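Understanding the architecture of this molecule
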Amino acid sequence: MTRMYHNLPVEAYTSQGWFDREQRLIFSQTWRFAGLAEDVPEPGHYVSVQAGLNNIFIVMGRDHRLRAFHNICRHRGTQLIRAVGKTQKALTCPYHDWTYDLEGNLISVPDESTEYPNGVDKKCFGLKPASVDVWRGMLFVHPDPDAPSLAAWFGDVDPHLGPHKAEELVEYPEARNAYEIKANWKIVVENYIDVYHLSHLHSKTLYMYDHGKAEYGWKGPHYHFWEPPSAEYSENLEKNLPTPRVIPEPHVGAWVPMLFPGIGIGAGEDSWNLFIITPLAPDLTRIENRTKLANASQWEFQKQEWSSWGFWKGFGGAKYEGKDAMNENDPMASGDFTTEDIYACEQQQKSLTSPYFEVGPPANGESPVTRHQQAVLDFMTAQETAEN
Ligand code: FES
Ligand SMILES: [Fe+2]
């Protein structure tokens, strides 16, 4: 009998075969977060990102337009560029120096007259385009050059994501970090959207919110969540809330959506945080955090104030040191909700390979967990149907 984890078989969290299907059917078929708009500020700047099976880069052309290309040289397929950077006027492949302009056209082939006596028809060997778009100050790519629009993909959920104007906030670079969690990416997502655990796993770290008043739901495969400050915290709201706020009053609370697949946002009064999930292996997931704050004249002062406050630590500033540190320091006494979450995810993943693993009934506050499992299943089924 297939062992199940609610709506998915346990293999969905442990097997390479399932992981490969997700890479092909989900992560190669959706809009992928590639960075903040300010990562590619001028002509010649670029950033690259893995979108499922595709490595894609965004480059700004001389016309100040953003373009995305598959990061594959048209000669023998070598990756043209790495990570983030600034080039001059052209993109040169490291292998044989075939060179492309910023618009993706092949412009030079070294030793063409001797190596290719019949010449190379350069028009036929431009870089293969992908799609790029900007939403709320974030860059997204899609492997398909004719992808349905980003605005349409997030359109229905957009009104439920809070009043933040992320594109007007400025990044707090010290909060940028990345780490790995030894658990399947869906365990990480499920933990992010599990409302039931908030008052239990995080009883000491997220007490400033009233989880009983949380409002949450779905728009297609995208999850949205909002909760107000707790009564006690609200009493002293003036004092408790940071100045300057990233959202104008009267808005209060935390907006914590999880956009499909694996794009978490955590937005409160003081900061706007990204939680980008990248599956690396069936039992290994990479998280990248980026944080934006109000662009204020009291900037230096605000940063100090803010870095000693709890909310950002979870989203951006947690210094998770891995398993060895965990053995020495009780993660449940860390005072940091991300450390608590990582601990819960990794402990859960460990049990999945046991033949004795079995799940109990989901609580009301776990309905997002089972709904996400269904969203994964539905998305993969729809893609497979479209392929056949
Ligand atoms: S593979 Fe790029 S120039 Fe040969
Ligand atoms: Fe949590």
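The structure under discussion appears in the preceding block.
Nothing here was measured: the structure is a model prediction, and the numbers come from that model.

**Concerning the nonpolar core**
In this structure, Met 138, Phe 140 and Phe 154 are the most contacted members of the largest nonpolar core, which totals 71 residues. Looking at which domains feed residues into this core, each of domain 1 (32-146) and domain 2 (160-376) supplies at least three. If sequence neighbours within four positions are ignored, Met 138 has contacts with Phe 33, Gly 35, Leu 36, Ala 37, Asp 133, Ile 265, Trp 272 and Leu 274. Counting residues in each nonpolar core, the second largest holds 16 residues, with Phe 57, Phe 69, Leu 80 and Leu 91 among its members.

**Some points on the coordination of the iron ion (ligand 2)**
Those donors, His 197 (NE2), His 202 (NE2), Asp 341 (OD) and Asp 341 (OD), are the protein atoms that reach the iron ion (ligand 2), and they lie 2.0 to 2.5 Å from it. The site at the iron ion (ligand 2) holds four donor atoms, and with the angles between them running 57 to 156°, its shape is irregular. Residue classification places His 202 among the buried positions, given a relative accessible area of 1%. Judged by its relative accessible area of 13%, Asp 341 is buried.

**Regarding the packing of aromatic side chains**
For the coordinates displayed, the defined rule picks out 19 aromatic pairs. When the ring of Tyr 216 is compared with that of Phe 225, the centres are 6.3 Å apart and the planes differ by 25°; the resulting orientation is stacked. Relative accessible area serves as the criterion here: at 31%, Tyr 216 is assigned to the partly exposed category. A residue is classified by how much of its surface remains accessible, and Phe 225, at 5% relative accessible area, is buried. One residue, Lys 186, lies across the ring of Tyr 13, its end atom 4.7 Å from the ring centre. Over the face of the ring belonging to Trp 218 we find Arg 371, whose NZ or CZ atom lies 4.7 Å from the ring centre.

**As for the sheet that holds strand β5 (residues 54-60)**
Taken in spatial order, the seven strands of this open sheet run β3-β12-β11-β6-β5-β4-β7, and their pairing is antiparallel. One side of each edge strand has no neighbouring strand; the edge strands of this open sheet are β3 (32-36) and β7 (84-86). Going from strand to strand, the sheet's axes swing by 30° on average, the running direction of each strand aside. Examined bridge by bridge, β5 and strand β6 (residues 66-70) share five bridges and lie antiparallel to one another. The residue of β6 that forms the bridge with Ile 56 is His 70.

**A word on the side chain of Thr 205**
One can find Thr 205 in the loop between α5 (185-193) and β15 (215-219). A polar atom in the side chain of Thr 205 sits 2.7 Å from the side chain of Glu 340. Setting aside anything within four residues of it in sequence, one finds Thr 205 in contact with Gly 335, Asp 336, Phe 337 and Glu 340.

Quick notes on the rules
Per chain, the residues get numbers from 1 upward, laid out in the order the sequence is written. Chain labels run from A onward and ligand labels from 1 onward, assigned in the order the entries are written. Local features are withheld for residues below a pLDDT of 70 in this predicted model, meaning they are given only at 70 or higher, and side-chain atom pairs are given and counted only at 80 or more; totals for whole chains, interfaces and linings count all residues. To obtain the side-chain values, all non-hydrogen atoms of the structure were included, while hydrogens and water were left out. Among buried residues, the Ala, Val, Leu, Ile, Met, Phe, Trp, Tyr and Cys ones that are joined through side-chain atoms within 4.5 Å form a nonpolar core. Burial here depends on accessible area, computed with a 1.4 Å probe over protein chains only, as a share of the maximum for the residue type. Under 20% is buried, over 50% is exposed, and the range in between is partly exposed. The split into domains, and so the bounds of each, comes from an automatic or database assignment of domains. Only heavy atoms matter for contacts: two residues are in contact if any of them lie within 4.5 Å across the pair. Any nitrogen, oxygen or sulfur atom within 2.8 Å of a metal ion counts as a donor, with the limit raised to 3.2 Å for Na, K and Ca, and since water is left out, coordination shells can look unfinished. A site with four donors is called tetrahedral when every donor-metal-donor angle falls between 85 and 135 degrees; four donors are called square planar, and six octahedral, when opposite donors sit more than 155 degrees apart and all other angles fall between 65 and 115; any other arrangement is irregular. Two rings from Phe, Tyr or Trp (for Trp, the six-membered ring) form a pair when their centres are within 6.5 Å of each other. A pair whose planes differ by under 30 degrees is stacked, one over 60 is edge-to-face, and the rest are tilted. For a ring to carry a charge above it, either NZ of a lysine or CZ of an arginine must fall within 6 Å of the ring centroid while also lying within 35 degrees of the normal to the ring plane. For two strands to count as paired, DSSP must find a minimum of two bridges between them. Each helix is a run of DSSP H or I of at least 4 residues and each strand a run of E of at least 2, with the numbering of both proceeding from the N terminus. Every angle, taken between N-to-C directions, lies between 0 and 180 degrees, and every axis is a line fitted to C-alpha atoms, over only the stretch in contact when it is a helix. A 3.5 Å cut-off defines polar contacts: any pair of N or O atoms within that distance qualifies, except that in protein one atom must be a possible hydrogen donor and the other a possible acceptor, and neighbouring residues in sequence count only when both atoms are side-chain atoms.

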